[in-house]
Amino acid sequence: MTTDPIADFLTRIRNAIKARHRVVEIPASNIKKAITQVLYDKGFIQSYKFEETAPQGVIKIALKYNPVTKQSAIVELKRVSKPGLRKYAGTTEIPRVLNGLGIAIVSTSKGVMTDKEARSLKVGGEVLCYIY
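Residues numbered from 1 in each chain as written. Predicted model: local features only at pLDDT ≥ 70, side-chain atom pairs only at ≥ 80, totals over all residues. Heavy atoms only, no water.

Asker: Help me out: how do you make sense of the sheet that holds strand 2 (residues 45–51) in this one?
Answerer: Sheet strands pair via backbone hydrogen bonds, and the direction of the pair is either parallel or antiparallel. Strand order in the open sheet formed by three strands is 1-3-2, and the pairing between neighbours is antiparallel. The outermost strands of the open sheet, each flanked by one partner alone, are strand 1 (23–27) and strand 2. The mean angle between the axes of side-by-side strands here comes to 20°, regardless of whether they run parallel or antiparallel. As defined by bridge partners, strand 2 adjoins strand 3 (residues 58–63) across six bridges and the pair is classed as antiparallel. Within the sheet, the bridge partner assigned to Phe-50 lies in strand 3 and is Ile-59. The sheet contacts of helix 2 (residues 30–41) involve strand 1, strand 2 and strand 3, and relative to strand 2 the element is tilted by about 155°. (Pairing = 2+ DSSP bridges. Helix = DSSP H or I, 4+ residues; strand = E, 2+ residues; numbered from the N terminus. Axes fitted to C-alpha atoms, helices over the stretch in contact; angles between N-to-C directions. Contact = heavy atoms within 4.5 Å.)

The structure is reproduced here in structure tokens:
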């Protein structure tokens, strides 16, 4: 059992990118499924699939690489809010990542979304991670 499942999720993706893997398998949960959906919608991953083989299930994520330079679409994944120190932001304090080039994933009362979507809906929440 991991203490921080979101940090484990991000670390598995980070390690798979460093090892140049095409697919990474991660134990599923609802928050991880929501983060995966945001990553897919914003073009950071190629595809994903939820498999209900085990009681918990597995998320299979196909990572996205540039065909010419072999660079990953994800440069860095950074966990912001941790179990020991939660980071919350109101609608006016939601941070911009790399001046708008990256995204911050925010868990709000209306679901998990990017920082831009949270600002447009005028909702705040827990800032989970930065991705660029």
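Asker: I keep staring at helix 1 (residues 5–18) and nothing clicks. Help me out?
Answerer: Side chains of residues three or four places apart in an α-helix project in the same direction, reflecting 3.6 residues per turn. A rise of 1.5 Å per residue sets the reference length of helix 1, with its 14 residues, at 20 Å; its end C-alpha atoms lie 20 Å apart and thus fit the reference within 8%. All buried positions along helix 1 are accounted for by Ile-6, Asp-8, Phe-9, Leu-10, Ile-13, Ala-16 and Ile-17. Packed against the buried residues of helix 1 are strand 1, helix 2, strand 3, strand 4 (77–79) and strand 8 (125–131). Looking one or two residues beyond helix 1, the residue adopting positive phi is Arg-20, at roughly 60°. (Expected span 1.5 Å × (residues − 1). Buried < 20%, exposed > 50% of the residue type's maximum accessible area, 1.4 Å probe, protein only.)

Asker: So what exactly am I meant to see when it comes to the pairing of strand 3 here?
Answerer: When a strand is regular, its side chains alternate between the sheet's two faces. Along strand 3, five of the six residues are buried, which leaves the element largely enclosed by surrounding structure. Summarising the sheet, strand 1 and strand 3 pair through five bridges and their orientation is antiparallel. The residue of strand 3 that forms the bridge with Ile-26 is Ile-59. Two successive antiparallel strands, strand 2 and strand 3, enclose a turn made up of six residues, where Gly-57 displays a positive phi of approximately 90°.

Asker: Sorry if this is basic, but what is going on with the environment of Tyr-130 here?
Answerer: Topologically, Tyr-130 is positioned in strand 8. Spatially, the C-alpha atoms of Tyr-130 and Pro-55 are 30 Å apart, while their sequence positions differ by 75 residues.

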